[in-house]
Number of protein chains: 2
Amino acid sequence: MTAQASTINSRPACIAVDAMGGDHGPGEVVRGVIEAARHSDMRFALVGEPAALEAETGAYVSRPANVEIVLATQVIEMTDQPTVAFKKKPDASVVVAARMVKEKRADAIVTIGNTGAAMAVSLLTLGRIKGIDRPAIATPLPSGSAHGTTVLLDAGATVDCDPNNLWEFAVMGSIYAEAVLGIPKPRVGLLSNGEESGKGNELVKRTHALFQQASEAIDGQVPFDFAGNVEGRDVFRGTVDVVVCDGFVGNVFLKASEGVAEMIMDC
Amino acid sequence: MTAQASTINSRPACIAVDAMGGDHGPGEVVRGVIEAARHSDMRFALVGEPAALEAETGAYVSRPANVEIVLATQVIEMTDQPTVAFKKKPDASVVVAARMVKEKRADAIVTIGNTGAAMAVSLLTLGRIKGIDRPAIATPLPSGSAHGTTVLLDAGATVDCDPNNLWEFAVMGSIYAEAVLGIPKPRVGLLSNGEESGKGNELVKRTHALFQQASEAIDGQVPFDFAGNVEGRDVFRGTVDVVVCDGFVGNVFLKASEGVAEMIMDC
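Let me begin by describing the structure that accompanies this report.

With that out of the way, let us pick up the overall build of chain A. Counting secondary structure elements, chain A contains nine helices and 11 strands. Rg of the C-alpha trace for chain A: 20 Å, near the compact-globule value of 18 Å for 267 residues, within the 12% margin. Looking at chain A as a whole, 49% of its 267 residues qualify as buried. Within the structure as shown, chain A displays about 12,700 Å² of accessible surface, and the carbon and sulfur contribution to it stands at 53%.

Quick look at the interface of chain B and chain A now. Facing 31 residues of chain B, the contacting portion of chain A comprises 31 residues. Of the roughly 2,900 Å² buried between chain B and chain A on both sides combined, carbon and sulfur atoms contribute 69%. Together, Arg233(B), Phe248(B) and Lys255(B) form the three largest contributors to the area buried by chain B at its contact with chain A, with a combined 21%. If you look at where chain B meets chain A, you find six salt bridges. Salt-bridge contacts for Glu258(A) lead to Arg233(B); the nearest nitrogen and oxygen are separated by 2.4 Å. Linking chain B with chain A are nine residue pairs in polar contact (both at pLDDT 80 or more), by the criterion used here. At the level of secondary structure, the elements contributing two or more residues to the side of chain B that touches chain A comprise helix H7 (202-217), helix H8 (232-237) and helix H9 (247-266) of chain B.

As a general feature of sheets, a regular strand has side chains that alternate between the two faces. Residue and element names in this part refer to chain B. Along strand E4 (residues 43-48), five of the six residues are buried, which leaves the element largely enclosed by surrounding structure. Of the strand pairs in this sheet, strand E3 (residues 14-18) and E4 are connected by five bridges, and their pairing is parallel. Looking across to E4, one finds that Asp18 is bridged to Val47. When E4 meets strand E5 (residues 67-71), the two strands line up parallel, connected through five bridges. Among the inter-strand pairings, Ala45 is bridged to a residue of E5, identified as Glu68.

Placing chain B over chain A gives an RMSD of 0.1 Å and needs a rotation angle of 180°, together with 0.0 Å of translation along the axis. In short, the pair behaves as if placed about a two-fold rotation axis. Same-surface contact between copies: 100% of interface residues of chain B are shared with the interface of chain A.

All names here are of chain B. Contact geometry for helix H4 (residues 93-102) and helix H5 (residues 115-126): axes closest at 10 Å, N-to-C directions at 35°. In this structure, H4 meets H5 at a crossing whose hand is right-handed. Here H4 contributes Val94, Val95, Ala98, Arg99, Val101 and Lys102 to the contact with H5, which in turn contributes Val121, Thr125 and Leu126. Its residues assigned to classes, the contact of H4 with H5 shows six nonpolar, one polar and two charged.

On to the nonpolar core. One finds Phe224(A), Val244(A), Phe253(A), Leu152(B), Phe224(B), Val244(B) and Phe253(B) to be the most contacted residues of the largest nonpolar core, which totals 78 residues. Those residues within four positions of Phe224(A) in sequence are excluded, and the remaining contacts are Trp167(A), Ala170(A), Val171(A), Ser174(A), Lys185(A), Pro186(A), Val188(A) and Phe211(A).

Turning our attention to the packing of aromatic side chains. Residues and elements named next belong to chain A. Scanning the entire structure with this criterion turns up 10 aromatic pairs over all chains. Judged by centre distance (5.0 Å) and plane angle (65°), the rings of Phe211 and Phe226 are edge-to-face. Here the residue Phe211 occupies a position in helix H7 (residues 202-217), and Phe226 occupies one in strand E10 (residues 225-230), the gap between them amounting to 15 residues. In textbook terms, an aromatic cluster arises when at least three aromatic residues are bridged by ring pairs, as seen for Trp167, Phe211, Phe224 and Phe226.

Residue and element names in this part refer to chain B. Taken in spatial order, the five strands make up an open sheet running E7-E8-E11-E9-E10, and their pairing is mixed. Looking at which strands have only one partner, the edges of the open sheet turn out to be strand E7 (139-142) and strand E10 (225-230). In this sheet, neighbouring strand axes are inclined to one another by 30° on average, regardless of whether the strands run parallel or antiparallel. Examined bridge by bridge, strand E9 (residues 187-191) and strand E11 (residues 242-244) share three bridges and lie parallel to one another. Bridge pairing in E11 places Val188 opposite Val242.

Rules used in this analysis
Residues numbered from 1 in each chain as written. Chains lettered and ligands numbered in written order. Predicted model: local features only at pLDDT ≥ 70, side-chain atom pairs only at ≥ 80, totals over all residues. Heavy atoms only, no water. Helix = DSSP H or I, 4+ residues; strand = E, 2+ residues; numbered from the N terminus. Rg over C-alpha atoms; globule rule 2.2 N^0.38 Å. Buried < 20%, exposed > 50% of the residue type's maximum accessible area, 1.4 Å probe, protein only. Areas by Shrake-Rupley, 256 points an atom, 1.4 Å probe, with all protein chains shown as cover. Contact = heavy atoms within 4.5 Å. Buried area = accessible area lost by both parts, 1.4 Å probe. Salt bridge = Lys/Arg side-chain N within 4 Å of Asp/Glu carboxyl O. Polar contact = N/O pair within 3.5 Å; in protein donor to acceptor, adjacent residues only side chain to side chain. Pairing = 2+ DSSP bridges. Least-squares fit on C-alpha atoms with pLDDT ≥ 70 in both. Axes fitted to C-alpha atoms, helices over the stretch in contact; angles between N-to-C directions. Left-handed = near helix turned anticlockwise from the far one by under 90°. Nonpolar A, V, L, I, M, F, W, Y, C, P; charged D, E, K, R; others polar. Core = buried A, V, L, I, M, F, W, Y, C linked by side-chain atoms within 4.5 Å. Phe/Tyr/Trp six-rings, centres within 6.5 Å; stacked < 30°, edge-to-face > 60°.

Structural data, given as structure tokens:
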């Protein structure tokens, strides 16, 4: 995040960080937050069990003044079922962090814990943006594009989608690409099994038609350029800035990519 | 292929090879066939334009006796629309090769050309196996399994599937794994966005239920062990021998894998 973005209504932005989540939490999370805090004028709230967090921050000469510790007595584990955990653990670190955003004590939440729980807690605590039917997980991936990054969504939040969901993902993804990655009027591709407009399963064919109609009908109001169908390879080649697909396909895409990288690195 | 498999009804098996297809045909195809023929007692039919093939084989001291050249005056290009090409090019190399199998002058066909055309030509010339509703493309991938290979299907033949199609793919894939790769009673996984049985899109959830019911109801007759849901990473890890998915997802999976490999190799 740039220095320009670090104030909200002329006060420093505050990031609520779920310090207990993740495979290496809280140690690595605390280390990351302290590193970030030293180079930033934002504020950070480390949310979790104070004893564990003090022990971790104690390893540093001093905790920066812009890092506070916020009490949360419970933890949602990686193996917890998301909606059950939300009900049974109202004082979990990720829930407390989300509540800080809801109550405007923080401006954003960061968690590297249970993805399903992060989604369920966000949905149930913060709700959805008006006009957006279903959530999506946006994943910025390294690519050969001019900006070096291509955003894939949905990476797993909504496994069964209709064309309207994918249209909303395209709008959200392109706003993210412009606001966060600085890409003006991003190029959006629809993930398919071939570039030709006739390619795709039923969902992709119907979505392609919707995207074309909408791009023509409300041309001046669409925040992106529709680049048509793209293939799996195009994501890493960076042919487009944003790639849209349903959450099932996006999840398979990501895990296949991780699998290949893992295999090649092991050789 | 092993020596045991190289005779059919006590005569040498014959492979019809589409010599004109592929990005590097006919040169690389001819070279590959001659290499194979020198170490095999099978017969090979190089199907294509004789002048081009003689020029390529002429680069060798002598064409092995078990390699014959079969005339085909046309070529289906990579850019041709498959079913249109099948109608307009009845003397294309891939069509002539398929016809040799149909007329029992050959036992199998090999082509590295236009995949859609290979599928259309096979379907329209050879037809489907009795009891199989839709075709699938099986792709053996390198994996960490005991046999070093995991077969993914469908990699792109049938983009919209129902649970019954996926069941047939599982049966075909496991027979392939046993007959060709020598894996007795292969373990079959269903590609999903998580291992738990509740994970998946609508298709995967319904397919998971069908697989479980069928495995219990006709236990002794199922040619594979159903291992439940697997994730994209499991393909390369080799957790199972065969991975089943619809042709849209399989195609995205393969192209994502190629994209990552391409990116890493370029670094």
